[in-house]
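This is what each chain is made of:
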Amino acid sequence: SECLFFFALRMSTTYPSFGVSAAASTIAPNGRRQTVTVYTYDPTHENCDLLTTDKASIVMEDKPLGSGGVSQAYRIWFEQSPGEWGPMRVAKKYKYKMGFADDFRVCQMGNNLAQNFNAAVQKLPTNLPRINFLLWNEVIGFDDDYYSVEDFLPGHFTKYNNIFGAHEKVPITPEDTVNCSLAAAFSHFTWIASGYNHIILDVQGVGSIYTDVAVVSRKQGQFGYTDTGPDNIQNFFTDHACNSVCKALQLEQFDGENPLPEPKPREQPADKKILDNEKEWVFVEDDGSVHRYDPDTLEAIREALKLGHNLVKIVVGLVTHHIIDLDAMTHFSVTTGDTYKLDEMRVVEKQEKEKQAPVLQVQLDDEKWHCYAAGFQEEVMAVVREGKPRATLQMCGRDYEFDFERMIQYNTETRKERPIRFVEYHDA
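The numbering scheme is per chain: residues are counted from 1 as the chain's sequence reads. Local features in this predicted model are restricted to residues of pLDDT 70 or higher, and side-chain atom pairs are both shown and tallied only at a pLDDT of 80 or more, whereas totals for entire chains, interfaces and linings draw on every residue. Processing note: side-chain calculations cover all non-hydrogen atoms of the structure and skip hydrogens and water entirely.

A. The arrangement of the packing of helix H1 (residues 99-122) against helix H2 (residues 174-193) in detail. Closest axis-to-axis distance for the H1/H2 pair is 10 Å, and the angle between their directions is 105°. Considering their axes alone, H1 and H2 lie roughly perpendicular with respect to each other. Side by side, H1 and H2 meet where Gly110, Leu113, Ala114, Asn116, Phe117 and Ala120 of the first sit next to Leu182, Ala185, Phe186, Phe189, Thr190 and Ala193 of the second. Of the residues assigned to the contact of H1 with H2, the class counts are 9 nonpolar, 3 polar and no charged. Lines fitted to C-alpha atoms define the axes here, with helix axes fitted over just the stretch in contact, and angles between the N-to-C directions of these axes take values from 0 to 180 degrees. Runs of H or I in DSSP of at least four residues are treated as helices and runs of E of at least two as strands, each being numbered from the N terminus. Orientation is classified from the angle alone, with under 35 degrees giving roughly parallel, over 145 giving roughly antiparallel, 65 to 115 giving roughly perpendicular, and any other angle giving oblique. Throughout, a residue-residue contact means that at least one pair of heavy atoms, one from each residue, lies within 4.5 Å. The nonpolar class holds Ala, Val, Leu, Ile, Met, Phe, Trp, Tyr, Cys and Pro. Asp, Glu, Lys and Arg form the charged class, and all remaining residues, Gly among them, are polar.

Right under this line is the structure:
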């Protein structure tokens, strides 16, 4: 079971590239020339989750490179300077306007699971290739539609299985055999790693670099249009015979003819005091710095524990961006693909009668008060401690003016004002 929690967090994200090199060409590509708006996709942003970066000139082929159940892919070139064109890339047009948001979310989930899979495979006495995902955060808009833009993968593109659980690729060469085994084992692994909640299917790409996968769950549609539901999880295991990678990883075997196992129950934390507010959760970053969760997130975590839920989802709009797993004791960022493991998710004793610093909140369109992210809180309090009545601070790539006399947040781009307030939280 899950506890849904609506809250906005701030982040910066970089993505690796596995596509072609960025060498320019003076040969004009064939296709329709178009002026487009280029966006950076930031799922924490409140206005359509898109941040305008620039205008660009592109050429896009009229006929799609390929079509799937949700999107069509087109070859595309950006004009880097007059007469010079960048490398071929791929633009995906979705069958529903904001389809890129679901695609982004699923891609990040797949990438996170791939990193866990790679870590498990590295312990084996084999030389298997790493699984990588083609990640992106760029979107172009024109003709009242959006296209996600990603690198083009050179090589033979292969679909290893589909959203209905069937294995599509029949290995022919030794390399095919390795890649097919790896893809099937990866899907198998994701079912177990999710605690029998969902599986990565529709695995496809070039070699072990994947794109356009699907998350198929117990609840059809939970992860978008390509989430075809539990029957197709069973189909996968009906069609799947554990291969050498599955066996080397000692993956639990499943019979698709039998009902799906129940999701793994959350183990009760050994320290029961967490339920009575005598302890608090903190988030430990990669550099070792320790930060408290904001009070709203703490409240959501404690409420989830009291109700016996094992997941706290941090949701912006309709898209999940962070998942706190109280069973596995991990914090997973859907947006960046990062997972903070057990030794990075700690519980610390509170000081008796400790008074926390005031927390800044903003009232959004839902008329509810929401806390800003912890890092931004620190920026605000630094300004307040200096005694400044006003300040301009950057959040999600935009400038916001804060008036601490009128208690107003002002968006300099949209010119929208929102009320803000300080709230003090005391220990129990």
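B. Quick look at the packing of aromatic side chains. Pairs were defined over the aromatic rings of Phe, Tyr and Trp, the Trp ring being its six-membered one, requiring ring centres within 6.5 Å. Orientation was assigned from the angle between planes: stacked under 30 degrees, edge-to-face over 60, tilted for the rest. Here the structure, examined in full by the defined rule, presents 19 aromatic pairs. Look at phenylalanine 236 and phenylalanine 237: their rings are 5.0 Å apart centre to centre, the planes differ by 85°, and that puts the pair in the edge-to-face class. For the pair phenylalanine 236 and phenylalanine 237, one class covers both residues: buried. A connected cluster of aromatic rings, assembled from ring pairs, spans Phe117, Phe133, Tyr160, Phe186, Phe189 and Tyr210. Type-normalised accessible area, obtained with a 1.4 Å probe on protein chains alone, sets the label of each residue: buried when under 20%, exposed when over 50%, and partly exposed for intermediate values.

C. Examining the side chain of threonine 228 more closely. Note that threonine 228 resides in the loop between strand E15 (214-217) and helix H3 (230-239). On the basis of relative accessibility, which here comes to 13%, the residue threonine 228 falls in the buried class. At 2.6 Å, the side chain of threonine 228 forms a polar contact with the backbone oxygen of isoleucine 163. Every residue in contact with threonine 228, bar those within four places of it in the chain, is listed here: Ile163, Phe164, Val216 and Gln220. N or O atoms closer than or at 3.5 Å make up a polar contact, with two conditions inside protein: a donor-capable atom paired with an acceptor-capable one, and, for residues adjacent in sequence, both atoms drawn from side chains.

D. Inspection of the sheet that holds strand E23 (residues 359-363) at higher detail. What the 6 strands build is an open sheet, ordered E24-E23-E28-E27-E26-E25; its pairing is antiparallel. The open sheet has two free edges, formed respectively by strand E24 (369-371) and strand E25 (390-395), since each of these has just one partner strand. Within this sheet the neighbouring strands show an average axis-to-axis angle of 35°, counted without direction. Here, strands pair whenever DSSP counts at least two bridges between them. As paired elements, strand E27 (residues 408-411) and strand E28 (residues 417-423) share 3 bridges and run antiparallel to each other. Within E28, the position partnered with glutamine 409 by the bridge is arginine 418.

E. The nonpolar core, seen in detail. By size, the foremost hydrophobic cluster in this structure holds 43 residues, and its most contacted members are Phe117, Ile131, Phe133, Phe186, Trp191, Ile199 and Tyr210. Where this core is concerned, the elements lending two or more residues are H1, H2, strand E12 (198-201), E15, H3 and helix H4 (244-248). Filtering out sequence-adjacent residues up to four positions away, tryptophan 191 remains in contact with Tyr196, Asn197, His198, Ile199, Arg218, Ile233, Phe237, Phe254, Leu260 and Pro261. As used here, the term nonpolar core means buried Ala, Val, Leu, Ile, Met, Phe, Trp, Tyr and Cys residues forming a set that is joined through side-chain atoms within 4.5 Å.

F. Inspection of the pairing of E23 at higher detail. Counted residue by residue, E23 has 4 buried out of 5 residues, so it is predominantly covered. Here 4 bridges tie E23 to E28, and the two strands are oriented antiparallel to one another. Within E28, the position partnered with glutamine 361 by the bridge is arginine 421. In this sheet, E24 lies alongside E23 in antiparallel orientation, the contact comprising 3 bridges. The residue bridging glutamine 361 from the neighbouring strand is cysteine 371, located in E24. Taking the residues between adjacent antiparallel strands as the criterion, E23 and E24 are bridged by 5 residues, where glutamate 367 takes a positive phi near 70°.

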